[in-house]
Amino acid sequence: MVRKTSVVFLSLLMIISTFGFSSITTHAAESKTSKVVYLTFDDGPNRYTPKILDILKKKQAHATFFMIEGNIKRNPNTVRRMINEGNYPALHSVSHDVRKLYRGSSKNVALEMEKTRQTLLRVAKFNSKLTRAPYGSKPYMKKPFRDALAKKGFKMWDWDIDTLDWKYNRTRPTMITSRVKSGLKGKKGPIVILFHDSRGTAQQLPIIIDYLRKKGYKLEVYNPEKHFVKNFWNDKRF
């Protein structure tokens with residue numbers, strides 16, 4: 001009888017412990033995720049990309065680069081360096097042109113992303129399926145466009161914070177940092193920040209990385225095995 005009671009007592013302890021640890025683990029995972037930031041760069045690679053890569057390497061940080069097909073062809077060594085140093089190469093179309101992408105067939109975006117994928121694969125032996133629609137997925141990527149993109153197995157990311165660095169990078173680069181700081185307020189992670197491969201962004205990037213880390217954020221790079229939905233339509237296919 002004593003032995004039976006001991007077995008029951010031990011079993012109850014195991015159940016309580018299991019539930020207790022599960023609760024703690026889940027809470028810890030949520031807390032960790034809320035302090036994760038993804039640095040993403042559009043429109044490269046170009047003459048500023050090596051400088052950005054230098055900064056990332058020095059700061060022991062990584063980023064995700066959404067690249068234009070022609071720029072991949074023109075800067076193959078930069079693309080290979082980007083990948084070799086642990087950054088993730090992603091796709092940002094061939095034309096980056098509203099009329100060519102969104103005014104014709106609903107298959108146009110998917111076709112341009114596929115061509116960009118093939119070029120990246122040929123140049124760097126890397127098969128990326130992550131895309132970013134030029135100018136963001138809203139309002140342009142209506143359902144027929146998204147259907148065509150999903151049919152080819154692509155993923156699509158937008159962003160949480162737009163730094164407007166295309167606007168400020170030459171005249172008021174400090175505004176890029178200001179927009180990161182203000183954009184973080186009230187947001188829970190994972191947070192995706194939109195930059196471009198530009199001079200002002202490269203100038204501000206060390207300051208931004210230091211600020212993010214001071215605030216307790218962990219900088220991550222895209223990992224297809226840990227993909228999460230981040231698009232303005234909240235389309236779960238992407």
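Look a little higher up for the structure.
Each value, and the rule that gives it
Note on numbering: residues in each chain are counted from 1, in written sequence order. Owing to the predicted nature of the model, reporting of local features is limited to residues with pLDDT of at least 70; listing and counting of side-chain atom pairs is limited to 80 or more, with chain, interface and lining totals taken over all residues. Hydrogens are left out, water is left out, and the side-chain values use all remaining heavy atoms of the structure. Working definition: helices are DSSP H or I runs of at least four residues, strands are E runs of at least two. Numbering for both runs from the N terminus. In what follows, a contact means two residues having at least one pair of non-hydrogen atoms within 4.5 Å. Polar contact is defined as a pair of N or O atoms within 3.5 Å, subject to the rule that within protein one atom must be able to donate a hydrogen and the other to accept it, and that residues adjacent in sequence are counted only when both atoms are side-chain atoms. One speaks of a salt bridge when a side-chain nitrogen belonging to Lys or Arg is within 4 Å of a carboxyl oxygen belonging to Asp or Glu. For each residue, the accessible area found with a 1.4 Å probe, counting protein chains only, is set against the maximum for its type, and the residue is called buried under 20%, exposed over 50%, and partly exposed in between. Helix span, expected: 1.5 Å multiplied by one less than the number of residues in the helix. Aromatic rings from Phe, Tyr and Trp, taking only the six-membered ring of Trp, are treated as a pair when their centres fall within 6.5 Å; an angle between ring planes under 30 degrees marks them as stacked, one over 60 as edge-to-face, and anything in between as tilted. Comment: axis = line fitted to C-alpha atoms, over the contacting stretch for helices; angle = value between 0 and 180 degrees taken between N-to-C directions. Should the near helix be turned counterclockwise from the far one by less than a right angle, the crossing is left-handed, whereas a clockwise turn marks it as right-handed. Residue polarity follows a fixed list, in which Ala, Val, Leu, Ile, Met, Phe, Trp, Tyr, Cys and Pro are nonpolar, Asp, Glu, Lys and Arg are charged, and the others, Gly among them, are polar.

Draft legend 1. Geometry of the environment of Q204. Residue placement: Q204 occurs in helix α10 (residues 199–214). Ignoring any residue separated from it by four or fewer positions in sequence, one finds Q204 in contact with P173, T174, I176 and T177. Polar contacts involving the side chain of Q204 include one to the side chain of Q203, which spans 3.0 Å.

Draft legend 2. View of the pattern of salt bridges. According to the stated counting rule, one finds 13 salt bridges in the structure shown. Here R146 and D235 are joined by a salt bridge, their closest N and O atoms 2.9 Å apart. Here the residue R146 occupies a position in helix α7 (residues 143–151), and D235 occupies one in the segment after β8 (218–220), the gap between them amounting to 89 residues. Relative accessible area serves as the criterion here: at 9%, D235 is assigned to the buried category.

Draft legend 3. Layout of the environment of Y211. As for its position among the elements, Y211 is in helix α10. On a C-alpha basis, the gap between Y211 and K181 in space is 8.3 Å, while along the polypeptide they are 30 residues apart. When near neighbours in sequence (up to four residues on either side) are disregarded, Y211 contacts K181 and L184.

Draft legend 4. Region of the structure containing unusual backbone geometry. Here the bond from K138 into P139 is cis, since omega is 10°, no more than 30 degrees from zero. Along the chain, P139 turns up in the loop between β4 (130–131) and α7. Put simply, G189 and P190 share a cis peptide bond, and its omega is -5°. Relative to the helices and strands, P190 resides in the loop between α9 (174–184) and β7 (191–196). Residue S93 is not a glycine yet carries a positive backbone phi of 90°. Looking at where S93 falls in the secondary structure, it is placed in the loop between β3 (88–91) and α5 (98–102). Phi is positive for L164, which is not a glycine, with a value near 55°.

Draft legend 5. Looking closely at helix α6 (residues 108–124). Given a rise of 1.5 Å per residue, 17 residues ought to cover 24 Å, and the 24 Å separating the end C-alpha atoms of α6 matches this to within 8%. Within α6, twelve of the 17 residues are buried, which leaves the element mostly enclosed by the surrounding structure. What α6 keeps buried is the set N108, V109, A110, E112, M113, E114, T116, R117, T119, L120, V123 and A124. Where α6 ends, the next residue or the one after it, K125, has phi of about 55°, a positive value.

Draft legend 6. Broad picture of the packing of aromatic side chains. Enumeration over the complete set of coordinates arrives at eleven aromatic pairs. Plain terms: the ring middles of F41 and F65 are 5.1 Å apart, the flat faces sit at 20° to each other, and that makes the pair stacked. Within this pair, whereas F41 is found in strand β1 (residues 36–44), its partner F65 is found in strand β2 (residues 64–67), the two being separated by 24 residues in sequence. Overall, F65 belongs to the buried group, its relative accessible area being 1%. Between Y88 and F126, the aromatic rings sit 5.3 Å apart at their centres with planes inclined by 85°, giving edge-to-face as the arrangement.

Draft legend 7. Summary view of the side chain of R117. Looking at where R117 falls in the secondary structure, it is placed in helix α6. For R117, a relative accessible area of 13% translates into the label buried. Setting aside its immediate chain neighbours within four residues, R117 contacts L91, N127, S128, K129 and F154.

Draft legend 8. Spatial organisation of the packing of α9 against α10. Between α9 and α10, the least distance of the axes is 8 Å, while the angle of their chain directions is 35°. Two packed elements cross with a definite hand, and for α9 against α10 that hand is right-handed. Taking contact as the criterion, the partners of T174, I176, T177, V180, K181 and L184 in α9 are, on α10, G200, T201, Q204, I207, I208, Y211 and L212. Looking at the contact of α9 with α10, its residues break down into seven nonpolar, five polar and one charged.

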